[in-house]
2 protein chains.
Amino acid sequence: MATIKDVAKELGISVSTVSRALNNHPDIKEQTKKEILEVMKRLNYTPNALARGLIHKKTNTIGLMIPDIADPFFSEIANGVEEVLTEVGYQVVYGNTMRNPDKEKLFLSSAKERQMDGLIVTPNFMDEKLLEQFQRLQIPVVFLRRRSPEGLAAPFVDVDHYKGACMAMEHLIGLGHRHIGFIGMPELSFLAELRYQGYVDTMHAHGLTPNPNAITRGGRTIAHGREAMSRICEQNKDLTAIFAANDLLAIGALEWLAIQGIPVPEKMSVVGFDNLEVASLHWIKLTTIAQPRKQMGEEAARIIDRMIREETYQAQSVFFEPELIQRNTCREV
Amino acid sequence: MATIKDVAKELGISVSTVSRALNNHPDIKEQTKKEILEVMKRLNYTPNALARGLIHKKTNTIGLMIPDIADPFFSEIANGVEEVLTEVGYQVVYGNTMRNPDKEKLFLSSAKERQMDGLIVTPNFMDEKLLEQFQRLQIPVVFLRRRSPEGLAAPFVDVDHYKGACMAMEHLIGLGHRHIGFIGMPELSFLAELRYQGYVDTMHAHGLTPNPNAITRGGRTIAHGREAMSRICEQNKDLTAIFAANDLLAIGALEWLAIQGIPVPEKMSVVGFDNLEVASLHWIKLTTIAQPRKQMGEEAARIIDRMIREETYQAQSVFFEPELIQRNTCREV
DNA sequence: AACGTTACCGAAAACGTTCCCGGAAACCTT
DNA sequence: AAGGTTTCCGGGAACGTTTTCGGTAACGTT
């Protein structure tokens, strides 16, 4: 690989001058600059970002740590992040953790070693060691789709999961439903807990008592939803509605109902959470809670950018409002 | 940020010794090594990957350039790539190009500046300038889901799109269909062309002539599929089958048919291409052509790894076989 | 003609590492 | 006791840049 020295030698000039040509510094004659650029092209020269980063203490790199890119939920967030970040000259480095704590820790240390300028993260579960790692990081961080842990002065961008869950439940109860089941995600997940709380609290707020037999927790896929629905239905003949903690679970439930020939919404109402693309498919038309995914990504990106640029910037966390999207899977009872 | 010098000064020893502790070099007393590691922890020291990369001329970084992470097709490929690459100690840097030629070029130059060790790429369209950029790259490259361009001695990992399209068509024709429409992707895409050729050639091979009115090309989304299906159906009353160049288009077609009350497969057979998750949904059950997405990613990763490690390795391109997945959207006629 | 400006350039230090080379003890030999 | 080994450590160059500082020539000014 050709270096700045090579082109300097080629022209019999100093590296300083070549560097000046590169950074269009004013202290250089137009003529020599032109010659230099020519030689660079000829030698197939490309500046070395490592050397630059070493001097400037800046790599123009932002780490984006998320649980799973293949999850459409996150890939859309990621697109939002990337869109605004590349616009201002950053390269984003993904960290796909697959909800594996070790991979999370590995990514964080890698981020520090590689001198990334900032981090946008969605850790799955915050234990002691991970928290400590964040505290020692010395890199600006914003949390995404998750509140930042106490003991860490980092801003976050999130949707109000609790409120969203309450909205879903209010909708169902407002429609007259009294016996409402819940299909939840694994308990160790942060937002699983919030959505579950929304379910429980809203039930109580209306004088209803959640039936433990009508509650499952533990998955996040379509297959889980199918299985959960079958289990719940068999044990609860009087159920008229289901709140699923995410759309994939809801769709699994819908599938099982369709296979059993139980008509939706006539015999069973269901509402999901996330508003994935697939929820709007003609055969599904799921009533669900929407979050502005792309906007959330964009906002997080804007915040991290300012945190890096402005030394004194005191970033504010932001909550996005969830929204009820009414489609065809609920009916009055 | 603490550096190696800081910990050396703290202990009154030389940086060389500290470096030895870091790389567990044999020339160091166990005792001093222990002291060094302790001070490192206390000072919150992390090695600087930029400085290391500068010396070793290796960054342990692989670039993965793909059109769209949010596309489930690519995110699964990406997961395959990442799985094997992180296993052997690489970090993968995504380049989301959104099929934008400028973004592709930007990513390539960024990859070179950042001294990435290797690249796995899925460029959308190969023009003169992009090809030249690849030729000047001086970094090992493997092409993914696309054949490598002539004039570039790079291996590729792909599925035989042409053969897959032929298989889909053979299936339809074998079922007795004679009037078969085609819903295609934008013409400037490399694989769109191959799948289209498969359609045309198989028609001809059976003495059938493709009807220009029953062919659309130009989209890759569900919305496109819906629109294309409506257009084709209105102009071709005798059509009994549709081959859609990808599953999203097929699903769009299916949606339109469902809305119109045209029963599938009774009145219309349809087959797709890609075998996305969503194609197996209960309401869809699309007959389609599968590609081993994750395997393709893994294979590409393994190849790039060897190309980097073994100077003399002559990488072989690999074709994966497409597979016909029969579900419920085709019938004999 | 003497001076101050301006325009342009080079030398060298610095960024944080690694690694080669040499050297000083301390340990074995015989 | 002299020599040879081994063990451990420090000095300093190198990686490819940027940047500060200083310097030289050419210019304009009075």
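A few words now on the pairing of strand 1 (residues 61–66) of chain A. Residues and elements named next belong to chain A. The element strand 1 is largely enclosed, with a buried count of six among its six residues. Residues Thr-61, Gly-63 and Met-65 point to one face of strand 1 and Ile-62, Leu-64 and Ile-66 to the other, with burial holding for every one of them. Summarising the sheet, strand 1 and strand 2 (residues 91–96) pair through six bridges and their orientation is parallel. Bridge pairing links Ile-62 to Val-92 in strand 2. Between strand 1 and its parallel partner strand 2, the chain crosses via helix 5 (residues 72–87), and the hand of that crossover is right-handed. Of the pairings in the sheet, the one linking strand 1 to strand 3 (residues 118–121) comprises four bridges and is parallel in character. Within strand 3, the residue paired with Gly-63 across the bridge is Leu-119.

Bringing unusual backbone geometry into the picture now. All names here are of chain A. Of note, the amide linkage connecting Val-264 to Pro-265 takes the cis form, showing an omega dihedral of 5 degrees. In this structure, Pro-265 sits in the loop between helix 11 (247–260) and strand 9 (269–271). One non-glycine residue, Lys-57, adopts positive backbone phi at about 55 degrees. Here Lys-57 lies in the loop between helix 4 (49–56) and strand 1. The exposure class assigned to Lys-57 is exposed, which follows from its relative accessible area of 73%.

Another aspect to go through is the protein's contact with DNA strand C. Near DNA strand C lie 26 residues; those nearest to it are Thr-17 and Lys-57 of chain A together with Ile-4, Arg-52 and Ile-55 of chain B. Near the protein, meaning within 4 Å, the atoms of DNA strand C are sugar or phosphate in a fraction of 64%, with bases accounting for the rest. Take Thr-32 of chain A: an N or O atom from its side chain is 3.3 Å from a phosphate oxygen of DNA strand C. Side-chain polar atom of Ser-19 of chain B to a phosphate oxygen of DNA strand C: 2.8 Å apart, as the coordinates give it. Of all elements in the fold, only helix 2 (15–22) and helix 4 of chain A together with helix 1 (4–11), helix 2 (15–22) and helix 4 (49–56) of chain B reach the threshold of two or more residues within the surface near DNA strand C. Of the residues forming the surface near DNA strand C, the biggest block, four residues, is contributed by helix 4 of chain B. Per-class residue counts for the surface near DNA strand C are nine nonpolar, 11 polar and six charged.

The rules we used
Every chain's residues receive numbers from 1 upward, in the order its sequence appears when written. Labels follow written order: the first chain is A, the first ligand is 1, and so on. Local features in this predicted model are restricted to residues whose pLDDT is 70 or higher, and side-chain atom pairs enter the listing and the counts only when it is 80 or higher, whereas totals over whole chains, interfaces and linings include all residues. The side-chain figures draw on all heavy atoms in the structure; neither hydrogens nor water molecules are used. Categorising residues by exposure relies on relative accessible area from a 1.4 Å probe, with only protein chains included: less than 20% of the type maximum marks a residue as buried, more than 50% marks it as exposed, and the intermediate range marks it as partly exposed. Helical segments are the DSSP runs of H or I of at least four residues, strand segments are the runs of E of at least two, and each set is numbered from the N terminus. DSSP bridges decide pairing: two strands pair if at least two such bridges lie between them. Crossovers are marked right-handed if the path from the first strand over the helix to the second runs clockwise, as seen with the strands pointing away from the viewer. Residues are labelled near a given molecule or strand when at least one of their non-hydrogen atoms is within 4 Å of it. Between N or O atoms, a polar contact is any pair within 3.5 Å; within protein, one atom must be a potential hydrogen donor and the other a potential acceptor, and residues adjacent in sequence are included only when both atoms are from side chains. Residues are grouped as follows: Ala, Val, Leu, Ile, Met, Phe, Trp, Tyr, Cys and Pro are nonpolar; Asp, Glu, Lys and Arg are charged; all remaining types, including Gly, are polar.

Read these as layout, nothing more, since geometry by itself doesn't imply function.
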